[in-house]
Structures are given as C-alpha cells and as structure tokens.
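One-letter residues, chain by chain:
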Amino acid sequence: MKVLIAGCGCVGERAADLLHAAGHDVIGLTHSPESAARLAAAKPWRTEPCDISNRDAVTALAAKISTNIDAVIHCASSSRGGAAMYQAVYVDGIRHLVAAFPQAFALYTSSTSVYPQVDGEIVDETSPAEPDRDTGRLLREAENIALDSGGAVARLAGIYGPGRSFLLKNLLEGIAAIEGNHGQGRLLNQIHADDAAAALVHLVTQRLSGIFNVADDAQMTQRQCLERLCATFGLKLPGTREPDPNRKRGWSHKRVSNTKLHATGWQPQYASYFDALRDDPDLASSILGLVHAAGVTPLPRQPNIVLIGLMGSGKTTVGRIVTQMIGFQFVDTDHLVVETAGKTIPEIFAEEGEAGFRLRESAALRSLLGRRGCVIATGGGIITQPRNLPILRHLGYLVWLDADPERLARRTAMNNNRPLLNGEEDPKAKLERLLTERKPLYKALADLRIKTAELTPQETAYGVMESARVFFARRQKLESVS
Ligand code: S3P
C-alpha cells in the first residue's frame, strides 16, 4: 500500500522504516526542508517537506504526489509548544490531511495523557478521556477528526528508546523524584519506540478503526521502577515530592490497559522497560553515553575492576590473581558468551560471523549491569563497538593491560580458541595491526595503563589492585562532599 507519514520523529521514522521494509510505498513528510534533505540522504523511502498546519501546503502536496494514498499517519510533534502549536500541528494538521486525502485511512497518533484519572484505576478505550487542560482538549479534538473520517487513534504511553529515556536520564543526573501517591509515585505507562511504531503499522495495514491504547505490559509505580533502576545502576533512591501542578501533561495516576490492541494480534517486543534495558542493544548504553557527554554529573561508576587489552595481554591470569587478593568475584565476558550461546567462540564466528559474536558480547556486557565486587575480564575487541563504551565506563575502574605484539604472539600461540588469529600465517603481524587499530580506543577509555612487559602477573595484579583502591577511595570522598 501507499502510506503517507506526517512527522518523521522518533516514532514516525521507525514506522516508515518498518513499512518500507515490508514492501510498502512510503512518503515521509517533515516540517522543514532541512530535515527532509537529511532523511532523504539517509533513508530508502521518499521524503517531502510540508508544513501540515498550512492548508495550501497540504493541498499542493496532494496535487504533487497524486491522491492515490491508502493511508495517512499523523505523528507530527508540536516540538514542546503550547496550545497554539497544538492547534496548528495537531488539529489543523489532521484536518488538512483528511481533507486532502479523503479516500485514505487516517491514523492519528495521540497520547494516553488524554486520560486525566488520578486514582490508580485501570483505563481502557471506553474510559472517560476528558482532559482538564487546553492541550489535552486539543488532542481530543484532533482525535475526533480522524475518528469521524472512519480512521483510527493510537493513544501512546510515554515513549522511550535509544537516546530517549527521561526516566533513566533524570535518575542518572540526580534530578528524578517520586511524585505523589502517598510516597509510591504515580503509575508509569510506557512504550518502546519500536513497539509504538509497530503498533501504528499494525493499525494501518489491518485498517483497524477506532481508539487503541498503546502501552507495554508492565505498568509500575515510580517507586517500583526507580528502586529497580537504582539497583541496576548503583544509585540512591530519589526522594519524594508533591506532584508539580505545572507539569505540562498534568499529574495523572492510572493503569493504561493495552488489552484491546493485544486482542487484535499486536504484541510488544519489549513487554517492560526492564526487558528493553536487557535486550535493546542501545537503550542503556545511549542514555549512559548522553549523561557522560553532557558532563554535568559524573557518570556513576560501579565498584568493579574492568580489564581491557589485546588477546594474550593477561586479562584472565591477572584478573584471577586480583580476585584472590581482594575477595572479588571473577567474571569473563568471553565465558559468559560461550555459556549463553552453548557453543565455542570459533563456532560462533564460523556460524554467525564476527558481527554475531559482537552482538552476543554486548549482551553479555549488559548482563553485568547491577553487579558489584567483580573483576571483569573482557574480550580484546570489546572496545571496537561504540555501544559498549558507556557501559564499560559505568561498570567500573578500567585498566588497560598493554603488551607488545611479540609477547602477545608468543602467549596466544598456545591455543586455537581465537578465530581472529586462527589461520593467520603471521599472527604477530596481525596482532600489530590490531594494536594499531585499537590502541587509541584502549587509551581513550582506560583509567590506568599498565605496561606489563617487565612485570610478572603477580606484580601487575598488585598494581591493578592498589590503583583501584586509590581510585574508589577518592571517588567516595568526592561523593561524600557533594
Ligand atoms: C577477540 C578477543 C578474544 C575473543 C574473540 C575476539 C578480539 O578475547 O573475545 O576471539 O577481537 O580481540 P581475548 O582477548 O580474551 O582473547
């Protein structure tokens, strides 16, 4: 089918990708020529600049692209504007689209903020949606235009995804709070951006008219959610406060039911926020990365020691000695990968390629979030994946064990468990190449570099342990001051 998507933000862009991948004809509209140009360069689907709040612009667009459009999805955002922006982008926007493409199935993307309930009750699509704010009322007006045309409304819960999670970002930046509900905080209704996009695609391709709530399967109070996040990221639970009466979408407290959408065959890929933290390769990493890049608050660091360095640099040997010295637990990302995959590293490389191995390695690293008191030995190539860097940085004190290729080649000659060296005529040359590529990455990431050439493993271990002690003692001092 031919689908017009008005607004290619977080959800619109994903919906366009999904529709295109399923073989549909997609035209993505963006409000500015600049974003149309940016998307046109990056995406395989067609993009057009169009200000949908301007009736003439939409009429001109319809004339240009011909009117045989099967479905129109409105998911443009008001860019945090107030009531005037809501009127222009939402109400006028959907009205113009419905008028210009009268034969198309119209899907309007709305928000669960239209439910003003505050008693923790379950709300479904038949529950009163009579918001007490102008912005909410405008959303309802826009919804009705789509419904009156025989179309659909998707009421989206709080959207999160890679690069976007106010919940986690605010917590990491120390500005989160538990609001109202007798110290339990309101119920959080959330949806991963991928699942929201999949729901929109499902509704238009099945032509399901009416209202549908789009939320995941796990509503939690703020307290429940923040307690678990604090355990995962080693943070103190934020304090409680009374709800902010000026919060843009008001304070509400309700359990948004997704039963109706489920019954039509939609299923979220991420049933809860915590499933996404575990399974989305980029969620945790991107938010840790944002906080680190902003530099306003130091990234929380877990009391672990993380060893990085090329294969053969002694991470496992040194790591085990450190573990014995300080009573930490030893963890090895390569072992975790082998355990969960149920096959050896050479088998994984042979069957899934290096890319498959790297995905498994990232998942193993994420599975360590929340662990404390560990010495973590990592695979030599773990630093080649940008998504691993914020996680490594957060997981602990980073020590780079640096050795020369000559020595590395001698140490790795013993076994054939390293697919990157197997079959190499000159393993030393390969290690030299790897070192040239990776050295800047190790260097940028490490808190400490130890040149192990003249040291015994015991001496290296001693250096690792003592410097880690100083590092954590200093941080503790800093934390008690701030
Ligand atoms: C690799 C190093 C290995 C293992 C895999 C790939 C690399 O770990 O993860 O064979 O890219 O350097 P060790 O460094 O523990 O050998």
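The structure presented is a predicted model; accordingly, all values stated were derived computationally and were not measured.

Here is what the cut-offs are and how they apply
- Residues numbered from 1 in each chain as written.
- Predicted model: local features only at pLDDT ≥ 70, side-chain atom pairs only at ≥ 80, totals over all residues.
- Heavy atoms only, no water.
- Helix = DSSP H or I, 4+ residues; strand = E, 2+ residues; numbered from the N terminus.
- Buried < 20%, exposed > 50% of the residue type's maximum accessible area, 1.4 Å probe, protein only.
- Lys, Arg positive; Asp, Glu negative; His and termini not counted.
- Salt bridge = Lys/Arg side-chain N within 4 Å of Asp/Glu carboxyl O.
- Polar contact = N/O pair within 3.5 Å; in protein donor to acceptor, adjacent residues only side chain to side chain.
- Contact = heavy atoms within 4.5 Å.
- Arc of directions from axis to C-beta.
- Pairing = 2+ DSSP bridges.
- Near = heavy atom within 4 Å.
- Areas by Shrake-Rupley, 256 points an atom, 1.4 Å probe, with all protein chains shown as cover.
- Nonpolar A, V, L, I, M, F, W, Y, C, P; charged D, E, K, R; others polar.
- Core = buried A, V, L, I, M, F, W, Y, C linked by side-chain atoms within 4.5 Å.
- Axes fitted to C-alpha atoms, helices over the stretch in contact; angles between N-to-C directions.
- Parallel < 35°, antiparallel > 145°, perpendicular 65-115°, else oblique.
- Left-handed = near helix turned anticlockwise from the far one by under 90°.

### Regarding the side chain of Glu-125
For step 1, the next point in the chain: Checked against the element boundaries, Glu-125 lands in the loop between β6 (121-123) and α5 (134-148).
For step 2, the next point in the chain: The charged side chain of Glu-125 is buried without a salt bridge, its nearest counter-charge being Lys-260 at 5.4 Å.
For step 3, the next point in the chain: Polar side-chain contacts of Glu-125 include one of 2.7 Å to the backbone nitrogen of Asn-213.
For step 4, the next point in the chain: Setting aside anything within four residues of it in sequence, one finds Glu-125 in contact with Tyr-115, Arg-155, Ile-211, Phe-212, Asn-213, Ser-257 and Lys-260.

### Let's talk about helix α16 (residues 405-412)
For step 1, the next point in the chain: Among the residues of α16, Pro-405, Leu-408, Ala-409 and Thr-412 are the ones counted as buried. Seen along its axis, α16 keeps its buried residues to an arc of 100°; they face one direction.
For step 2, the next point in the chain: Residues of α16 that are buried sit in contact with α17 (427-445).

### Describing the environment of Ile-145
For step 1, the next point in the chain: Mapped onto the elements of the fold, Ile-145 is located in helix α5.
For step 2, the next point in the chain: Classification of Ile-145 by relative accessible area gives buried; the value is 16%.
For step 3, the next point in the chain: As for Ile-145 and Trp-251, which are separated by 106 residues in sequence, their C-alpha atoms are 26 Å apart.
For step 4, the next point in the chain: Filtering out sequence-adjacent residues up to four positions away, Ile-145 remains in contact with Val-91, Ile-94, Arg-95 and Val-98.

### Focus: the pairing of strand β7 (residues 152-156)
For step 1, the next point in the chain: Across the five residues of β7, five count as buried, placing the element largely inside the fold.
For step 2, the next point in the chain: Residues Ala-152, Ala-154 and Leu-156 line one face of β7 and the alternating positions Val-153 and Arg-155 line the opposite face, and both faces are buried.
For step 3, the next point in the chain: One ladder, built from five bridges, connects strand β5 (residues 105-111) with β7; its direction is parallel. For Leu-107, the partnering residue across the bridge sits in β7 and is Ala-152.
For step 4, the next point in the chain: In this sheet, strand β12 (residues 210-214) lies alongside β7 in parallel orientation, the contact comprising five bridges. The residue of β12 that forms the bridge with Arg-155 is Asn-213.

### What about the site of the ligand?
For step 1, the next point in the chain: Around the ligand, a shell composed of 14 residues is seen, among which Lys-315, Asp-334, Arg-358, Arg-418 and Arg-438 lie nearest.
For step 2, the next point in the chain: In the model, an oxygen atom of the ligand is placed 2.6 Å from a nitrogen or oxygen of the Lys-315 side chain.
For step 3, the next point in the chain: Arg-438 places a polar side-chain atom, nitrogen or oxygen, 2.7 Å from an oxygen atom of the ligand.
For step 4, the next point in the chain: Against a free-state accessible area of 380 Å², the protein chains account for coverage of 96% of the ligand.
For step 5, the next point in the chain: Considering each element in turn, the shell around the ligand owes the most residues, four residues, to helix α14 (residues 345-366).
For step 6, the next point in the chain: Its residues assigned to classes, the shell around the ligand shows five nonpolar, three polar and six charged.

### A closer look at the nonpolar core
For step 1, the next point in the chain: In terms of nonpolar packing, the biggest core is built from 67 residues, with Leu-4, Ile-5, Ile-73 and Phe-101 touching the most fellow members.
For step 2, the next point in the chain: Those residues in contact with Ile-73 that lie beyond four places of it in its chain are Val-3, Leu-4, Ile-5, Ala-6, Leu-19, Leu-107, Thr-109, Leu-200 and Val-204.
For step 3, the next point in the chain: Judged by nonpolar contacts, the second largest core, of 60 residues, contains Ile-178, Leu-395, Leu-408 and Ala-446.

### Details of the sheet that holds strand β20 (residues 448-451)
For step 1, the next point in the chain: Strands sit in the order β17-β18-β16-β19-β20 across an open sheet of five strands; the sheet is parallel. Looking at strand neighbours, the two that pair on one side only are β17 (329-332) and β20, the edges of this open sheet. Taking the axes of each pair of neighbouring strands and ignoring which way they run, one obtains an average angle of 20° across the sheet.
For step 2, the next point in the chain: Note that strand β16 (residues 305-308) and strand β19 (residues 397-402) share four bridges and pair parallel. Across the sheet, residue Val-306 finds its bridge partner in β19, namely Leu-398.
For step 3, the next point in the chain: Taken strand by strand, α17 contacts β16, β19 and β20, and its axis lies near 150° from that of β19.

### Here we look at the packing of helix α13 (residues 333-341) against α14
For step 1, the next point in the chain: Look at α13 against α14: their axes get within 10 Å of each other, and the N-to-C directions meet at 115°. As far as their axial angle goes, α14 and α13 are roughly perpendicular. With respect to the hand of their crossing, α13 and α14 are arranged in right-handed fashion. Of the residues in α14, those in contact with Thr-333, Asp-334, Leu-336, Val-337, Val-338 and Ala-341 of α13 are Ile-345, Ile-348, Phe-357, Arg-360, Glu-361, Ala-364 and Leu-365.
For step 2, the next point in the chain: Counted by class, the contact of α13 with α14 contains nine nonpolar, one polar and three charged residues.

### Description of the sheet that holds strand β4 (residues 71-74)
Backbone hydrogen bonds hold the strands of a sheet together, and the pairing may be parallel or antiparallel.
For step 1, the next point in the chain: Strand order in the open sheet made by the seven strands is β3-β2-β1-β4-β5-β7-β12, with parallel pairing throughout. Sheet topology places β3 (46-49) and β12 at the edges, where each strand pairs with a single neighbour. Averaged over neighbouring strand pairs, the angle between their axes works out to 20° when direction is ignored.
For step 2, the next point in the chain: As defined by bridge partners, strand β2 (residues 25-30) adjoins β3 across four bridges and the pair is classed as parallel. What sits directly across from Leu-29, in β3, is Glu-48.
For step 3, the next point in the chain: Sheet strands in contact with helix α2 (residues 33-42) are β2 and β3, and its direction is about 170° off that of β3.
For step 4, the next point in the chain: Sheet strands touched by helix α7 (residues 193-205): β4, β5, β7 and β12. Its angle to β5, the strand with the most contacts, is close to 150°.

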